[in-house]
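Remarks on the overall topology
Listed here are the chains, written in short residue letters.
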Amino acid sequence: PGAEKWLTNTFTQTCAVRPSRHSTFTHSTSATGYNMLTKHEKELIAKIWDKMIPVASDIGAECLLRMMTTFPGTKTYFAHLDIRPGSPHLRSHGKKIVLAIAECSKDISSMMVTLAPLQTLHAYKLRIDPCNFKLLCHCILVTLAAHMGDEFNPVAHAAMDKYLSAFAAVLAEKYR
Amino acid sequence: MVEWTDEERAAISDIFSKLDYDDIGPKSLSRCLIVYPWTQRYFGGFGNLYNAEAIMNNPLIAKHGTTVLHGLDRALKNMDDIKNTYAELSVLHSEKLHVDPDNFKLLSDCLTIVIAGKMGNAFTPEYQASFQKFLSVVVSALGRQYH
């Protein structure tokens, strides 16, 4: 279990979130509800996202804005939207993302089922290079830290990073 | 040579001027060891790293965290030649410490998140972008002498 955990962590940390060679890997961890997360960590994650639901537009917009400001290449996916700070597009798009992440956090073991439609959307329609998921995940962590201060302690940070990495990996599963 | 706008220089200066090295240094290093446990491989001689609490209370880790953070001062004072500023440290990390250069990014991400936690809304998207640009230049310089 230690080696698997190490490998899964390394796998989800690298940019190459390519499903083909590693799909059995992701499948085994996904199907068993992510051995990476303890019961306590899953509760922690669900609790944090539950608090974000009422402010989903604010949080979501901030995550996206942080990502596009820090990693300008990500703006290329938003050429069709108004992405200026405060724009309604940014808020509505950010809200969708936050709500999807929050919804999934309520039952992490069922992630594969919950995310199936979004997997299809990202693979066949959006085709966002999975490298970018990591960038947004990082900006989500920064946003959470800025809003939660000390409450976003190392244990919460570790749990959240694992959850978001798993989320991103599942999202990329249907790419090829 | 890296181009820095006046806004970027101002943001980076501002962040560092408010930094409590003895607080942020230890917090960043211990966070890195907790969030990315494989990084503990470089700290075999540092005592008890058994769990998150042990790591956060470990005085050797805390001291080293402060040292590492002060290492950034060199870049701050030489923003127009960060590459050469770290040539020696790069050789050290490669030849003597044998640190995988990917780890530098992990620590810099943790530092960013700790500072965000400290500064809250004052750590605006623009501040984050400037700070991360600064850190990515440092990380690149530290990895440069590896072969």
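How each quantity is defined
Numbers given to residues run from 1 along each chain, matching the order in which its sequence is written. Written order decides the labels, with chains lettered from A and ligands numbered from 1. Residue-level local features of this predicted model are given only where pLDDT is at least 70; pairs of side-chain atoms are given and counted only at 80 or more, and the full residue set underlies all totals for whole chains, interfaces and linings. Only heavy atoms go into the side-chain values, all of them from the structure, while hydrogens and water stay out. UniProt positions are given in the numbering used here, feature names are shortened, and annotations may be inferred rather than shown by experiment. Secondary structure follows DSSP: runs of H or I at least 4 residues long count as helices, runs of E at least 2 residues long count as strands, and numbering of each begins at the N terminus. With the radius of gyration taken over C-alpha atoms, the globule rule is written as 2.2 Å times the number of residues to the power 0.38. Type-normalised accessible area, obtained with a 1.4 Å probe on protein chains alone, sets the label of each residue: buried when under 20%, exposed when over 50%, and partly exposed for intermediate values. Whether two residues are in contact is decided by their heavy atoms, any of which lying within 4.5 Å being enough. The term buried area refers to how much accessible surface (probe radius 1.4 Å) is lost by two components on association, counted for both of them together. A side-chain nitrogen of Lys or Arg and a carboxyl oxygen of Asp or Glu constitute a salt bridge if their distance falls within 4 Å. Definition of a polar contact: a pair of N or O atoms within 3.5 Å, with one able to donate and the other able to accept a hydrogen when the atoms are protein atoms, and with sequence-neighbouring residues admitted only if both atoms are side-chain atoms. When residues are sorted by character, Ala, Val, Leu, Ile, Met, Phe, Trp, Tyr, Cys and Pro go into the nonpolar class, Asp, Glu, Lys and Arg into the charged class, and all the rest, Gly among them, into the polar class. For Phe, Tyr and Trp, where Trp contributes only its six-membered ring, two rings pair if their centres lie within 6.5 Å, and the inter-plane angle classes them as stacked under 30 degrees, edge-to-face over 60, or tilted in between. Counted as over-ring charges are cases with an Arg CZ or a Lys NZ within 6 Å of the ring centre that also lie within 35 degrees of the ring normal.

Chain B is annotated in an unreviewed UniProt entry as Globin domain-containing protein of Hucho hucho. UniProt lists a comment for chain B under the heading Sequence similarities (unreviewed entry), and it reads "Belongs to the globin family."

Under an unreviewed UniProt entry, chain A has the name Hemoglobin alpha embryonic-4 and belongs to Hucho hucho. Heading Sequence similarities (unreviewed entry) of the UniProt record for chain A holds this comment: "Belongs to the globin family."

What follows covers the overall build of chain B. For chain B, the helix and strand inventory stands at eight helices and zero strands. In terms of overall size, chain B behaves like a compact globule, its C-alpha atoms giving a radius of gyration of 15 Å where 147 residues would be expected to give roughly 15 Å. Structurally, chain B occupies a C-alpha span of about 45 × 40 × 20 Å along its principal axes. Across the 147 residues in chain B, those meeting the buried criterion constitute 51%. Pairs at least 24 residues apart make up 72% of the contacts formed inside chain B by residues separated by at least 6 positions.

Below, the discussion takes up the interface of chain A and chain B. Facing 23 residues of chain A, the contacting portion of chain B comprises 23 residues. A combined buried area of about 2000 Å² lies between chain A and chain B, and 64% of that area is made up of carbon and sulfur atoms. Counting the surface chain A buries against chain B, the share from its top three residues, A:Arg66, A:Pro154 and A:His157, is 26%. The tally of links from chain A across to chain B stands at zero salt bridges. One can count six residue pairs in polar contact (both at pLDDT 80 or more) joining chain A with chain B. The biggest single contributor to the side of chain A that touches chain B is helix H8 (residues 131-148) of chain A, with seven residues. Of the residues belonging to the side of chain A that touches chain B, the class tally is twelve nonpolar, nine polar and two charged.

Tallied over the full model, the rule gives nine aromatic pairs over all chains. Both rings, one in A:Phe133 and one in A:Tyr175, keep their centres 6.4 Å apart while their planes meet at 90 degrees; by these two values the pair is edge-to-face. With A:Phe133 in helix H8 and A:Tyr175 in the segment after helix H9 (154-171), this residue pair connects regions lying 42 residues apart in the sequence. Joined through ring pairs, the aromatic side chains of B:Trp4, B:Phe16, B:Phe123, B:Phe131 and B:Phe134 make up one cluster. In this structure, B:Lys133 is placed above the aromatic ring of B:Trp4, and the distance from its NZ or CZ to the ring centre is 4.9 Å.

Attention now goes to the environment of B:Leu33. All names here are of chain B. Inspection of the secondary structure assignment puts Leu 33 in helix H2 (residues 21-35). Along the primary structure Leu 33 and Arg 74 are separated by 41 residues, whereas in three dimensions their C-alpha atoms are 24 Å apart. When near neighbours in sequence (up to four residues on either side) are disregarded, Leu 33 contacts Thr 39, Gln 40, Phe 43, Ile 55 and Ile 61.

Let us now look at the UniProt feature "domain: Globin" (unreviewed entry) in chain A. Those residues carrying the UniProt feature "domain: Globin" (unreviewed entry) are residues 36-176 of chain A in this numbering. In residues 36-176 of chain A, helix accounts for 70% and strand for 0%; the two terminal C-alpha atoms are 24 Å from one another.

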